[in-house]
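Architecture at a glance
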Amino acid sequence: MTEDIAVLGAGMHPWGKWGRDFAEYGTVAARAALADAQLDWCDVRLVVGADTVRCGYPGHVAGATFARALGWQGARVSSVYAACASGAQAINTARAQILAGMADVALVVGADAAPKGFFAPAGGDRPDDPDWLRFRVLGATNPVYFGLFARRRMAQLGDTPEDFALVKVKNAAAGAANPNARYRKAVTAGEVAASPVVADPLRLLDICATSDGAAALVLSSMAFARRHGVAPVRIRAVSTVTPRYPRTALDLPDFATDSAALVPPPEVGFRASIAAAAYEEAGTGPADLDLAEVYDLSTALELEWYEDVGLCPVGEGAKLLREGATALGGRIPVNPSGGLASFGEAVPAQALAQVCELTWQLRGQAGERQVRAARCGLAANQGLFGHGSAVIAVR
Amino acid sequence: MKRIPVVPGWFGADGDPDRFRLLGTRCRSCGAVFFPRADAFCRNPACDGTELDETPLSRTGTVWSYTDSRYRPPAPYPSDPDLPWEPFTVVAVELDEERMVVLGQAAPGVTAAGLAVGMAVELVPGVLHQDAEQVWTTWHWRPLGGPA
Ligand SMILES: [Zn+2]
């Protein structure tokens, strides 16, 4: 077990399609997080940016963009990219420097202004890059992979399109109560079923959109938090494990899995191992959780996460959903923020947004979305090329 | 017309449906098979092998999952924006011998409605795109014994 770090402040720029620069969104979120922490920007000794990828390079190289926008004041800087897991990796970078005694107070920021439509690779020929080749050779957009995963669940576990729609209905209901969400309107199962198929069996309302948005956290050592006179939400674990060979679960942007003909596959698959490492580091387990935020890139993927983070046995995700256990007011609410279904993807910001929600929930500040007596929450995500992470926060 | 494989070295015997195969590589030290091909280093963490030989993959397998693309994918997917969009089907196929899942587009005419998880499929040569000067060739999966 590692020591805890404190979450002193959380802030966001509301998600949407605002058509402005990501640096502006990130600065708004950073200022909100600093105000929430009741700290001055000049108290921050480390700024970590989750990178915004632009033109195939980290745009403005994110950490420094936010430091400049807030006003150069000499803090250390770090910039982190791990695709959709960037935000959690940025938290972990800040945590490592705080625990190493290199900085007392860190500001972590992620912001994006997403393109319209499908995520697409940057221009130019890059035949050595699997993420370019999957578009070139297969036309395999992200929804194509989501469709494969969803169909597999239907065939293997008996999930139905109605189950998937119910995830959207649940998350939209939560998102309607979240002032930072992009979509703040209840959705019915009928509306999901009436939306066009994007990648069979998934429909438009099964798949998360791409959004503009930002999220920021002010993190500190526990000693600093005590001096600051607060009993903060604490981050107890951040797992950033890689997969184990042979990796037998198909994933973006791969053309194939590893071969399991000679070496048997690991007992625990990649996504489950992300959560398991966090539980081990925190000395907790799924039974200790009061809520979870997971990456519902598609409705079907949310059900897979229930099983991977241990809320139910494999194959029982849809049952847990149908029982209402994962809705607000249920036994273990999942995505009380409204999830990516209500926010959409703003890649460098979304893992940070998950931890903002944990913070507000654990403080009892989540308003209509409040999970009663929440003491322990988990956020889990996964990004391209074998990235993934899980954060456990407690109060 | 000039025929160009969409990726060089990923499949062989392009002109001959009977001998057409995906090409992976096999590590000389541990025997692990890789697709897409690993030519310089073995990716088994317990092996430091650096010599890998080209090896054809199984021609047949079973459907692990499938989906389709109802909207036109962005570039670099080659398609003519002036033509109406025709959805294609994508199949993930489990190869018994290699114990791996390999993606591919389905042969023209094969729709999601004509597939089922567990169905036997075979590899066939296919065309990804063509323009006035050249044809880009690829691989397709097709239900065993002809179009669905
Ligand atoms: Zn080897």
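Residues numbered from 1 in each chain as written. Chains lettered and ligands numbered in written order. Predicted model: local features only at pLDDT ≥ 70, side-chain atom pairs only at ≥ 80, totals over all residues. Heavy atoms only, no water.

Structural notes on the overall build of chain A
Scanning chain A for helices and strands turns up 13 helices and 13 strands. Expected size for 395 residues packed as a compact globule is a radius of gyration near 21 Å; at 20 Å, chain A falls within 12% of this value. With respect to the principal axes defined by its C-alpha atoms, chain A has extents near 55 × 50 × 45 Å. Considering chain A as a whole, with its 395 residues, one finds that 63% of them fall into the buried category. Across chain A, the fraction of contacts at a sequence separation of at least 24, relative to all contacts at a separation of at least 6, is 75%. Where the 36 positive side-chain charges of chain A centre and where its 40 negative ones centre are 4 Å apart. (Helix = DSSP H or I, 4+ residues; strand = E, 2+ residues; numbered from the N terminus. Rg over C-alpha atoms; globule rule 2.2 N^0.38 Å. Buried < 20%, exposed > 50% of the residue type's maximum accessible area, 1.4 Å probe, protein only. Contact = heavy atoms within 4.5 Å. Lys, Arg positive; Asp, Glu negative; His and termini not counted. Charge placed at Lys NZ, Arg CZ, Asp CG, Glu CD.)

Focus: the domain arrangement of chain A
Residue and element names in this part refer to chain A. Taken domain by domain, chain A holds domain 1 (5-117 + 213-234) and domain 2 (130-205 + 235-394). A straight line from the C-alpha centre of domain 1 to that of domain 2 covers 23 Å. Contacts between domain 1 and domain 2 engage 41 residues on the former and 39 residues on the latter. Between domain 1 and domain 2 lies a buried interface of about 3,100 Å² when both sides are counted; carbon and sulfur atoms form 66% of it. Interface area lost by domain 1 to domain 2 is led by Trp 15, Cys 84 and Arg 234, which between them contribute 25%. Viewed at the interface, domain 2 and domain 1 are joined by 2 salt bridges. Put simply, domain 1 and domain 2 have 9 residue pairs in polar contact (both at pLDDT 80 or more) between them. (Domains from an automatic or database assignment. Buried area = accessible area lost by both parts, 1.4 Å probe. Salt bridge = Lys/Arg side-chain N within 4 Å of Asp/Glu carboxyl O. Polar contact = N/O pair within 3.5 Å; in protein donor to acceptor, adjacent residues only side chain to side chain.)

Observations concerning the coordination of the zinc ion
Residue and element names in this part refer to chain B. Coordination sphere of the zinc ion, protein contribution only: Cys 27 (SG), Cys 30 (SG), Cys 42 (SG) and Cys 47 (SG), at 2.3 to 2.4 Å. Of note is the zinc ion, whose 4 donor atoms meet at the metal with angles of 105 to 113° in an arrangement that counts as tetrahedral. All donors of the zinc ion belong to a single chain; written as a sequence motif, their spacing is C-x2-C-x11-C-x4-C. On the criterion of sequence distance, the pair formed by Cys 30 in the loop between β3 (21-27) and β4 (33-34) and Cys 42 in the loop between β4 and β5 (52-56) is long-range, its members being 12 residues apart. Cys 30 gets classed as partly exposed once you look at its relative accessible area, which sits at 26%. A residue is classified by how much of its surface remains accessible, and Cys 42, at 9% relative accessible area, is buried. (Donors = N, O, S within 2.8 Å, 3.2 Å for Na, K, Ca; no water. Tetrahedral: all angles 85-135°; square planar, octahedral: opposite > 155°, others 65-115°.)

Brief notes about the interface of chain A and chain B
On the side of chain B, 46 residues touch chain A, which itself brings 36 residues to the contact. Across the interface of chain A and chain B, roughly 3,500 Å² is buried in total on both sides, 65% from carbon and sulfur atoms. At the boundary of chain A with chain B, the tally comes to 1 salt bridge. Ionic pairing is found between A:Asp258 and B:Arg43, a salt bridge with its closest N-O pair at 3.3 Å. Among the elements that take part in the side of chain A that touches chain B, helix α5 (residues 142-157) of chain A stands out by supplying 7 residues, more than any other. Considered class by class, the residues forming the side of chain A that touches chain B number 25 nonpolar, 5 polar and 6 charged. (Nonpolar A, V, L, I, M, F, W, Y, C, P; charged D, E, K, R; others polar.)

Details of the sheet that holds strand β13 (residues 387-394) of chain A
All names here are of chain A. Read from one edge of the open sheet, 9 strands run β5-β2-β6-β9-β1-β10-β13-β12-β11, paired in mixed fashion. Looking at strand neighbours, the two that pair on one side only are β5 (76-80) and β11 (291-294), the edges of this open sheet. Averaged over all pairs of adjacent strands, the angle between their axes in this sheet comes to 25°, without regard to strand direction. Pairing of strand β12 (residues 376-383) with β13 involves 8 bridges; the strand directions are antiparallel. The residue bridging Cys 376 from the neighbouring strand is Val 394, located in β13. In this fold helix α1 (residues 22-37) packs onto β1 (5-16), β6 (105-112) and β9 (212-221), with an angle of close to 140° to the strand it touches most, β1. Most of the contacts of helix α13 (residues 347-363) go to β1, to which it runs at about 120°, and overall it touches β1, β2 (46-50), β6, β9, β10 (233-239), β11, β12 and β13. (Pairing = 2+ DSSP bridges. Axes fitted to C-alpha atoms, helices over the stretch in contact; angles between N-to-C directions.)

Some thoughts on the pattern of salt bridges
Taken as a whole and assessed by the stated rule, the structure comprises 27 salt bridges over all chains. In this structure, the salt-bridge partner of B:Arg70 is B:Asp68, at a minimum N-O distance of 2.8 Å. Residue B:Asp68 is classed as buried on the basis of its relative accessible area, which comes to 6%. Through salt bridges with shared partners, a single ionic network connects A:Arg153, A:Asp159, A:Arg271, A:Glu304, A:Glu307 and A:Asp308.

A word on the packing of α5(A) against helix α10 (residues 299-308) of chain A
Residues and elements named next belong to chain A. Running from N to C, α5 and α10 cross one another at 60°; their axes reach a closest spacing of 9 Å. Our classification of the angle between α5 and α10 gives oblique. Relative to α10, the crossing made by α5 is left-handed. Where α5 abuts α10, its residues Phe 146, Phe 149, Ala 150, Arg 153 and Leu 157 lie against Ala 300, Leu 301, Leu 303, Glu 304 and Glu 307. Grouping the constituent residues of the contact of α5 with α10 by class yields 7 nonpolar, no polar and 3 charged. (Parallel < 35°, antiparallel > 145°, perpendicular 65-115°, else oblique. Left-handed = near helix turned anticlockwise from the far one by under 90°.)

Remarks on helix α9 (residues 270-282) of chain A
All names here are of chain A. If you check α9, its first and last C-alpha atoms are 19 Å apart, about what 13 residues at 1.5 Å a residue would give, namely 18 Å. Of all 13 residues making up α9, 10 are buried, and the element is well covered by its neighbours. Every buried residue belonging to α9 is among Phe 270, Arg 271, Ala 272, Ser 273, Ile 274, Ala 275, Ala 278, Tyr 279, Glu 281 and Ala 282, and all of these are buried. If you follow the buried residues of α9, they end up packed against α3 (86-99), β10, α10, β12 and β13. (Expected span 1.5 Å × (residues − 1).)

Side note on the side chain of A:Asn178
All names here are of chain A. In this structure, Asn 178 sits in the loop between α6 (161-175) and α7 (189-194). When its relative accessible area of 2% is taken as the criterion, Asn 178 is described as buried. In this structure, Asn 178 is in contact with Arg 184, Ser 337, Phe 343, Glu 357 and Arg 369, ignoring residues within four places of it in sequence.

Remarks on the nonpolar core
Grouped burial of nonpolar side chains is what soluble globular proteins tend to show. With 135 residues, the main nonpolar core has A:Leu219, B:Trp139 and B:Trp141 as its most contacted residues. Take this core: its biggest share by element is 10 residues, from α13(A). (Core = buried A, V, L, I, M, F, W, Y, C linked by side-chain atoms within 4.5 Å.)

Digging into unusual backbone geometry
For the bond from A:Asp200 to A:Pro201, the omega torsion is 5°, close enough to zero to count as cis. Residue placement: A:Pro201 occurs in the loop between β7 (197-199) and β8 (202-203). The residue after B:Ala75, namely B:Pro76, is reached through a cis peptide bond having omega 10°. Looking at where B:Pro76 falls in the secondary structure, it is placed in the loop between β6 (60-69) and β7 (88-95). A positive phi angle, near 50°, is found at A:Ala373, a position not held by glycine. Note that A:Ala373 resides in the loop between α13 and β12. A relative accessible area of 61% places A:Ala373 in the exposed class. Phi is positive for B:Arg99, which is not a glycine, with a value near 50°. Here B:Arg99 lies in the loop between β7 and β8 (100-106).

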